[in-house]
Amino acid sequence: MKTRIVKRPQLSVGERIYFATVVKGLLLTIKHFFGVCRDLFDWKNKKTAITMQYPEERWDFKDNFRGAPALVMDQFGREKCVACQMCEFVCPPKAITIWPAEFATKDNNVEKFPDRFEIDMLRCIYCGFCEEACPEEAIFLVKEAELVHTDKKDFIHDKGKLYEMGGIREDRILKWQHK
Amino acid sequence: MSGTVNVTVDGKQVAVPGGLNLIEAARYAGKSVPHYCYHPRLSVAGNCRICLVEIQGQGKLQIACNTRVTEGMSYFTDNERVRKAREGIMELLLINHPLDCPICDQAGECKLQEYAVEHGSGITRYAFEKVRKPKNVSWGDKVVFDSERCILCTRCVRFLDEVAGTPEVGLDMRGEKCTLVVKGDGKLTSPYQMNVIDLCPVGALTSRDFRFKSRVWFMHFTDTVCTSCARGCNVTVGSRGDRVLRMVPRANPDVNHNWMCDHGRLHYAFVNDETRLTVPRVAGKGAPYAAAIARAKAILEGARGQGILAVASPFMTNEELFAMKELLDRLGVEDRFFLKPMGEGDDLLVHPEKCPNARGAALLGFAEAAAEWPSKEYGALLHFAPHEGADLPEEALKRAKRRILFSLKEREADVCFPLTTWIEKDGTVVSAGDRLQRLTKGITFEPTLVTERTVLDRLHASLDASHRPPDTAAQALARLAAALPAFAGVTWTRIGPLGMKLEATGAPA
Amino acid sequence: MTYVLGKLLHIVIVAGAVLPGVGAVMVWAERRVSAFMQDRLGPNRVGPAGLLQPVADLLKFIFKEDVIPGHVNKTLYVLAPVMSLVPALVAFCVVPYARGMAIADVNVGILLVFAISSIAVYGISIGGWASNNKYSLLGGVRASAQMISYELALGLSVVPVFLIVGDLNMEAIVRWQKENGWLVFWLFPAWVIFLISSYAETNRLPFDLPEAETELVAGYHTEYSSMKFALFFLAEYIHMTTASALSVALFFGGYELPFVTLPQGVWGTVLSGLIFFAKMSFFLFLFIWVRWTLPRFRYDQLMKLGWKILLPASLAIIVLTAGGVALRETLK
């Protein structure tokens, strides 16, 4: 390893008295103080990068944000998940559990669906592998980061909760339209 | 066609038995030739064309399954020409494939998937609408057919024709409309029909029973033996979460080849029965094993003067029967019986004895129960209730003052121990033809369950402090082999995964 | 009797309401000002603009479990916060916070302040020692060393005031300034020394070595929680208030304004009080401002500043002022 000797900076007399630097520092802080004071009266055009006022102001997540995983339906309100269990397989913390079932009727090509689909959000590590593994584009990590519950059981997201969070996403392929 | 012939596979010289086809001969050189329609136990159809190899001196590629080795033959299984041909075949097979893998039960053990990765090009050049064929067609209550996935290899046709002896399936239509059809009302009738599911190299034929229960990669597989009849077909049990999900045959040329009957395959529901007994019951109340064993000890000791009736079950392993024999010897019990459930057999695999180890029970000195039970009154009954089939007649049960039962379900008894099923323990059974085969533990139904051998040994140890019970099934078998001449020289490893013949019993082969 | 009752009432109002009130507002101001200086908003949820935050804090302190660790010297441990708070309250008694409104208008006013506030160090040192904890002990030791060092400079820095005014009575000093202008114009260097020393005396940044979170966990009050901790906390703010009040009274004309004559009577008194509090508020703000601007001194720097710079400087100022006063008297 190369050694580099850093010389102690030589302070000038003015600096050694500290008086000017102290005043400089005081001016800096008071500048910020009045900056925020000013912004308080004109919040919309605020010029200072004030800390986000969390519950009122919220972060605008980017599209690639990895929040809680959720299931989506296609534009016809049909569940896209076919219970192939690839996400369950790939899930590193084994947070996903699926109970597959078969449709009772044969009105289209759909044969399999998840009877129960549970994600244990206390295990989930938000890695997004499920979204990556899904062959049907049925599971997505949505912009949902505020999971607060008072009961441990509520952290197990069931199918209803997952579809509620996921909503509808346009499907271009519509594999199951064919008879 | 005897003797050996010398062939050269991919430049490697090997001597192989004469009369082999090129797929089998390539195995001697450590090469595998891909194949869909070829099956060693079925006639050659030669219609999938994936096994093309280049034989030196022949201009065109030949199918390996229908070509036999000749002296001095040299062929290539993996050169540029062969690879290109395979890639072409794969592309052709996948043109109309529906890509159902996410919902296909075959996924994970599908030859199409495997060969597509190994030999496929990875892309399709076919830009047109795929051919649509019937999907999710029911072939009776056991088999589901999907025509779009079918590659028309005709393995199922040949199996039902040649092995099961019920030619029910055939090809209908031609070209892109070609599909499999079942004779008559479209339902299969063969008692061996589910073997076509295993035979099907793709997901065209899937099991109704196993349908969507689990992806194969989640399952835990255990090589064991079917206990539905005395045949002892070698099977692989697939389980997940300590519940049995399916059974498929495991190749054993001396017992079941590659097949098994549908009855045996579907006969596992009692294992997963959630109402099973999981803790011992003493006088109808749940009790820890220690308390139940203490109560059983008191009953047996109290009944010594009045006689004890011991009834074993032919579902018990040899090691359990031996542990029981040691206990009975200690107690001086003379009346030792077992009940043998009988049924119908057939020429192929199904054996009339509907239990795995009746022969073993007989070898260990238990008498097959006669129709007439001794009219004697007993002080106590030690009884292993069979999983199924006729149980002890009620009057025989009543003849004993106190009853110690081993049962799958709760029964009225002074002490009722839970039984464990064949997939929950290691052990050996004597199958038809005096063939000793191994059972392997695959699941733990409930962590609280203690196997019968351990219960018997603990009961024995409580009566006789000098009893040093064996720990593992292999140790128990060694003890048994040392004690009984019929089992002389038998060890756990000698039995091996495919079982061995018990020579010392003198039974016909 | 009326005199005694009146004084008692006065004491109760000042020590029981005004000073703790100022302390409470200061807690709020400290958090809000520091937040603004760091581009945050600070506590703004409880009450309008977060003004009820101190009440919430107080309630929390009161309802928190009162933990007395098993390894402490119980008597002294409990006594220490009180010993820290009481001198802070008592020292304020001679400060004329409005015209004629000092609780004790004694002739030796400023000396009394120094005498009393010296006792405050006992609260801290004893708290540190009684906690039976190495961090607390170090904090206590630091506090006593620091206080002794800076008390010297603090005391010497106000001597020129007495030299010029010729009186120790606070009211007299204020009156002198009304007539002759604020003393800070005459004695600016002395005021600077007074200010620096008062920061050190109140253990505020940049001289909060007794607490020094990065080195000593929380210094002398590491083992304190709930209301006992709150007392230490309050004592610090009341010390600040006293120091600010002294600064106003000694150097910045007290409750008077230059060039303006306040009316006589009650309104004049109220007005003078408001003026005093306005001036004091500036110094309190300065305390906060400095705290959130300057980093903490190293211990050797602290000692060097106190003994090698402030002490000689204040002595020099005394000599110069004495010379000036002598010249003035000669010229008269």
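Keep in mind that this is a model prediction, so the values were computed, not measured.

**A few points about the overall build of chain C**
- When helices and strands are tallied, chain C shows 12 helices and zero strands.
- Written out in order from the N terminus, the α and β elements of chain C read α-α-α-α-α-α-α-α-α-α-α-α.
- The C-alpha radius of gyration of chain C comes to 20 Å, within 12% of the 20 Å expected for a compact globule of 332 residues.
- Expressed as lengths along the three principal axes of its C-alpha atoms, the size of chain C is roughly 65 × 50 × 45 Å.
- Burial analysis of chain C (332 residues in total) assigns 53% to the buried set.
- Sequence-distant contacts in chain C: of pairs separated by 6 or more residues, those separated by 24 or more amount to 78%.
- By element, 73% of the accessible surface of chain C is carried by carbon and sulfur atoms, the whole surface being about 14,900 Å².

**Quick notes on the pattern of salt bridges**
- One pass over the full model with this rule turns up 56 salt bridges over all chains.
- For Arg-291 of chain C, the salt bridge identified is with Glu-30 of chain C, shortest N-O distance 3.4 Å. With Arg-291 of chain C in helix H11 (residues 265–291) and Glu-30 of chain C in helix H1 (residues 2–37), this residue pair connects regions lying 261 residues apart in the sequence.
- The structure contains a network of salt bridges with shared partners spanning Asp-100, Glu-129, Arg-132, Lys-135, Asp-146, Glu-148 and Arg-149 of chain B.

**Describing the interface of chain C and chain A**
- Contacts between chain C and chain A engage 14 residues on the former and 18 residues on the latter.
- Summed over both sides, the interface between chain C and chain A buries roughly 1,500 Å², with carbon and sulfur atoms accounting for 71% of that surface.
- Of all residues in chain C, Phe-36, Asp-39 and Leu-41 of chain C give up the largest surface area on contact with chain A, accounting jointly for 40% of the area buried on that side.
- Between the two partners, chain C and chain A, sit one salt bridge.
- For the pair chain C and chain A, the number of links is six residue pairs in polar contact (both at pLDDT 80 or more).
- Taken together, the elements giving at least two residues each to the side of chain C that touches chain A come down to H1 and H11 of chain C.
- Looking at the side of chain C that touches chain A, its residues break down into nine nonpolar, two polar and three charged.

**Some points on helix H3 (residues 111–119) of chain B**
- Lys-111, Leu-112, Tyr-115 and His-119 of chain B are the residues of H3 of chain B that are buried. All buried residues of H3 of chain B lie within an arc of 95 degrees about the axis, which places them on one face of the element.

**Examining the nonpolar core**
- Membership of the largest hydrophobic core comes to 115 residues, with the highest contact counts inside it found for Phe-159, Met-324, Phe-417 and Phe-487 of chain B.
- A per-element tally of this core places helix H9 (residues 318–331) of chain B first, with seven residues.
- With residues up to four places along the chain from it excluded, the contact list for Phe-417 of chain B reads Leu-277, Pro-280, Tyr-289, Ala-292, Ile-293, Ala-296, Ile-404, Leu-405, Phe-406, Ser-407 and Val-455 of chain B.
- By size, the runner-up hydrophobic cluster in this structure holds 86 residues, among which are Phe-36, Val-158, Trp-182 and Ala-249 of chain C.

**Let's talk about the domain arrangement of chain A**
- Annotation of chain A at the domain level lists domain 1 (10–51) and domain 2 (69–166).
- Look at where the C-alpha atoms of domain 1 of chain A and domain 2 of chain A centre, and you get two points 51 Å apart.

Each value, and the rule that gives it
Residues numbered from 1 in each chain as written. Chains lettered and ligands numbered in written order. Predicted model: local features only at pLDDT ≥ 70, side-chain atom pairs only at ≥ 80, totals over all residues. Heavy atoms only, no water. Helix = DSSP H or I, 4+ residues; strand = E, 2+ residues; numbered from the N terminus. Rg over C-alpha atoms; globule rule 2.2 N^0.38 Å. Buried < 20%, exposed > 50% of the residue type's maximum accessible area, 1.4 Å probe, protein only. Contact = heavy atoms within 4.5 Å. Areas by Shrake-Rupley, 256 points an atom, 1.4 Å probe, with all protein chains shown as cover. Salt bridge = Lys/Arg side-chain N within 4 Å of Asp/Glu carboxyl O. Buried area = accessible area lost by both parts, 1.4 Å probe. Polar contact = N/O pair within 3.5 Å; in protein donor to acceptor, adjacent residues only side chain to side chain. Nonpolar A, V, L, I, M, F, W, Y, C, P; charged D, E, K, R; others polar. Arc of directions from axis to C-beta. Core = buried A, V, L, I, M, F, W, Y, C linked by side-chain atoms within 4.5 Å. Domains from an automatic or database assignment.

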